[in-house]
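Structural overview
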Amino acid sequence: MAALQTRALSKSYGSRLAVDRLDLEVERAELFGFLGPNGAGKTTTIRMALGLIAPTNGSVEILGLDVRRHRSEVLPRVGALVESPALYGYLSGRDNLRVIGSQLGRVSEKRIDEVLEIVGLKGRDRDRVRTYSMGMKQRLGLGIALLNNPELLILDEPANGLDPAGIVEMRDLLRNLAAEGKTVFISSHVLSEVQQICTRVAIINHGRLVRLAPVAELLQDGGEFEVKVDQPDELVAALKRQQWGGEARSEDGLVITAAPDGRGRSLIKFLVDNGFTPDAVSARHRDLEEIFLTLTEDPVK
Amino acid sequence: MTAVALRPRFFGAVGGEVRKVSRQLSFWLMLLGALVMLGVITLAVSGAEGLKSQLNSDPTGWAYNELEVFGTLFQIGSGIFLLIIGSRLIAMEYSSGTIRILYARGTGRLQLLLAKMLTLAIIGVALLAGFIVLAFAILAALVTSLHGNLDPVQSFSNAFWADFGRWALVQGISMGMAILMAAAAAGIGRSLAFAMAASLAFFPADNFTNILEQLAVRATGHQHPWMDISTYQLGANLNVLLNLLEPTHRARPAFASPLIPVDLTHCLVVVGVFALGFAVIAVARAVRPDVLE
């Protein structure tokens with residue numbers, strides 16, 4: 001049973017299609033990244049998953065239950081941080097947790113203490129939230145999401161406003177939660193963060209799923225190699241004459257090329273046979289940002 | 001703690017709402033302001049001429065006069081208080097976006113609205129009870145200072161005590177209308193500024209309409225339809241309700257009343273229709289499927 005599953009999920013506002021037949025499946029205990037440029041439909045998807053807006057078509061299941069039909073059963077098992085953290089500014093951090101805890105049922109003071117400890121707000125919990133920095137508000141928002149010890153965490157831009165140390169803490173926290181068996185679904189623009197912590201990512205653009213793959217697979221996608229040689233220009237010219245080497249190019253003194261039958265050893269053999277003894281040959285890893293930009297590039301531009 | 005054990009609870013939500021209200025500075029400042037106002041009115045009343053002689057000659061009449069003064073103060077104050085607190089409690093969830101946290105946790109839209117309205121009703125009842133206790137303490141102090149003991153209180157007629165009960169009932173109805181109106185205004189605007197402005201402007205506008213109707217009668221020389229309209233105004237009907245409930249029709253409306261005499265049934269139907277209308281608007285807006293805040 002998937003932690004989160006969308007089936008042909010669509011949402012339109014008038015003639016504008018915000019989300020278009022989106023199929024996602026997030027496994028349990030997975031750290032799942034959800035990426036897309038502004039206006040791609042990420043937040044709309046999250047809002048539909050949380051029952052905040054009704055899909056035009058399709059469905060969302062969380063922990064095996066349809067969200068619209070079983071919202072009061074399933075949503076208390078989910079913790080969410082949607083967009084910027086919405087908090088009661090006139091209440092203290094602790095009272096914010098108490099108020100949400102009351103709504104949820106019975107959340108003990110012990111659990112509230114635990115959550116404050118987890119998000120690092122223990123010393124400031126009695127201060128009014130309106131005096132908090134953006135990063136502290138973000139931590140409290142995360143605390144609210146964790147309050148009910150959820151099985152699924154849905155976090156929209158969780159690193160917003162956090163300083164570098166806070167980002168590292170957040171990363172460790174999310175990894176620990178996944179290690180405890182919780183599913184973490186992160187929508188983020190901080191691609192390096194997603195690359196570091198997520199096991200799989202979905203990339204959407206214009207409301208449509210562009211790619212869903214393990215991060216490792218995505219990063220190696222393209223099957224290119226980096227070759228360090230003394231004569232890069234001559235090598236590029238030689239590669240371009242090959243059927244498989246049409247995309248060969250020189251970047252920062254390195255030759256970037258595909259390999260015959262996609263294998264590194266075949267490329268090395270080609271280099272040696274053609275008199276280009278390489279200093280180094282390595283599989284080329286693109287970062288997620290590069291992949292993201294390629295996949296979400298607007299073809300109109 | 002297991003996550004599965006948690007489920008949104010109605011009375012849990014009420015507890016959360018009570019906590020929210022009790023932590024609002026404006027709530028306590030308004031209560032403090034009301035106490036100061038009550039003190040000022042008490043000082044003014046205690047210095048009034050002929051107070052002692054009236055108490056000695058007609059204790060019940062004296063009690064009716066005091067009820068009118070303090071009752072009017074409560075009617076205005078409790079209405080404004082509940083409209084402000086109600087608007088803040090409901091509309092601020094939309095303005096600050098916190099509504100999405102609550103809904104995203106599985107709290108039912110109707111459940112949350114009802115929890116908020118029950119919280120406001122509890123505050124209203126506590127307010128009325130507190131006011132009655134305080135008002136009687138003040139009256140007892142006045143009677144003692146004027147007469148030397150509380151004997152005149154025993155002379156208050158049974159009719160006075162029955163009318164006092166009717167006054168409390170009318171205050172309850174008025175407070176209920178204020179709560180419903182605040183909920184409707186919050187639902188329509190889904191913003192604190194709109195809810196506050198619309199609900200606070202309603203009764204002054206309602207009373208002002210009464211003046212416009214009288215001007216229209218003079219200007220056109222026709223009583224209809226101007227005077228008929230006044231019989232369907234909420235404020236005018238609430239203002240005259242106590243008078244209609246009393247067998248002796250002793251209570252005088254402090255503000256605008258219908259320009260044509262209406263009976264109790266008409267008055268209750270008008271108030272009931274407004275109550276139903278406000279409730280329908282509040283519910284219809286609360287259960288709207290898309291929460292974009």
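Each remark here, short or long, concerns the structure printed above.
From a predicted model like this one, the values you see are computed outputs, not experimental measurements.

What about the overall build of chain A?
A tally of regular secondary structure across chain A gives eleven helices and 14 strands. In terms of principal-axis extent, the alpha carbons of chain A reach across some 75 × 45 × 35 Å. For chain A, with 301 residues in total, the buried portion stands at 54%. For chain A, the share of sequence-separated contacts (at least 6 apart) that also reach a separation of at least 24 residues comes to 66%. Element-wise, carbon and sulfur atoms account for 47% of the exposed surface of chain A, whose accessible area totals about 13300 Å². Averaged over its 39 positive side-chain charges, chain A has a centre that lies 7 Å from the centre of its 42 negative ones.

Some details on the packing of aromatic side chains
Residue and element names in this part refer to chain B. All chains considered together, the criterion is met by 23 aromatic pairs over all chains. An angle of 80° between the planes, with centres 5.1 Å apart, marks the rings of F10 and F11 as edge-to-face. Given a relative accessible area of 25%, F10 falls into the partly exposed group. The exposure class assigned to F11 is exposed, which follows from its relative accessible area of 63%.

Describing helix α4 (residues 109–118) of chain A
Residue and element names in this part refer to chain A. When α4 is considered as a whole, its buried residues turn out to be R111, I112, V115 and L116. Seen from one end, α4 has its buried residues packed into an arc of 140°, which puts them on one side. Those residues of α4 that are exposed and angled more than 90 degrees off the buried face are K110 and E117. In the core, the buried residues of α4 are packed alongside α3 (93–104) and α5 (134–146). One or two residues past the end of α4 sits G120, with phi positive at roughly 70°.

Let's talk about the layout of surface pockets
Residue and element names in this part refer to chain B. Here the largest pocket defines a volume of roughly 610 Å³. Surrounding the largest pocket, 25 residues form its lining, M30, L31, A34, F81 and L127 being those nearest its centre. Counted by class, the lining of the largest pocket contains 19 nonpolar, six polar and no charged residues.

Digging into the interface of chain B and chain A
Between chain B and chain A, the residue contacts involve 36 residues of the former and 45 residues of the latter. Surface buried jointly by chain B and chain A totals about 3500 Å² across both partners, of which 54% is contributed by carbon and sulfur atoms. Taken together, the connections running from chain B to chain A amount to three salt bridges. Summed over the shared surface of chain B and chain A, the number is 19 residue pairs in polar contact (both at pLDDT 80 or more). Every element with two or more residues in the side of chain B that touches chain A is listed here: α1 (10–22), α4 (59–96), α5 (98–104) and α6 (109–147) of chain B. Tallied by class, residues from the side of chain B that touches chain A come to 15 nonpolar, nine polar and twelve charged.

Some thoughts on the environment of E17 of chain B
Residue and element names in this part refer to chain B. Mapped onto the fold, E17 is located in helix α1. Its relative accessible area of 0% is what places E17 among the buried residues. Sequence spacing of E17 and A219 is 202 residues, and the spatial spacing of their C-alpha atoms is 50 Å. At a separation of 2.8 Å, a polar atom in the side chain of E17 contacts the side chain of K20.

Overview of the pattern of salt bridges
In the structure shown here, the tally under the stated rule is 33 salt bridges over all chains. Put simply, E151 of chain A and R28 of chain A hold a salt bridge, and the shortest N to O gap is 3.9 Å. One end of the pair, E151 of chain A, is in the loop between α5 and β7 (152–156); the other, R28 of chain A, is in the loop between β2 (16–26) and β3 (31–35), and 123 residues separate them in sequence. The partly exposed category is assigned to R28 of chain A, whose relative accessible area is 36%. Via salt bridges that share partners, R94, D95, R98, E109, D113 and D125 of chain A together with R19 and R23 of chain B belong to a single interconnected network.

Conventions adopted
Residues numbered from 1 in each chain as written. Chains lettered and ligands numbered in written order. Predicted model: local features only at pLDDT ≥ 70, side-chain atom pairs only at ≥ 80, totals over all residues. Heavy atoms only, no water. Helix = DSSP H or I, 4+ residues; strand = E, 2+ residues; numbered from the N terminus. Buried < 20%, exposed > 50% of the residue type's maximum accessible area, 1.4 Å probe, protein only. Contact = heavy atoms within 4.5 Å. Areas by Shrake-Rupley, 256 points an atom, 1.4 Å probe, with all protein chains shown as cover. Lys, Arg positive; Asp, Glu negative; His and termini not counted. Charge placed at Lys NZ, Arg CZ, Asp CG, Glu CD. Phe/Tyr/Trp six-rings, centres within 6.5 Å; stacked < 30°, edge-to-face > 60°. Arc of directions from axis to C-beta. 1 Å grid on protein atoms, 1.4 Å probe; cavity = no way out; pocket = protein on both sides within 12 Å on 5 of 7 lines; lining within 4 Å. Points joined across faces, edges and corners; volume = space filled by probe spheres on them. Nonpolar A, V, L, I, M, F, W, Y, C, P; charged D, E, K, R; others polar. Buried area = accessible area lost by both parts, 1.4 Å probe. Salt bridge = Lys/Arg side-chain N within 4 Å of Asp/Glu carboxyl O. Polar contact = N/O pair within 3.5 Å; in protein donor to acceptor, adjacent residues only side chain to side chain.

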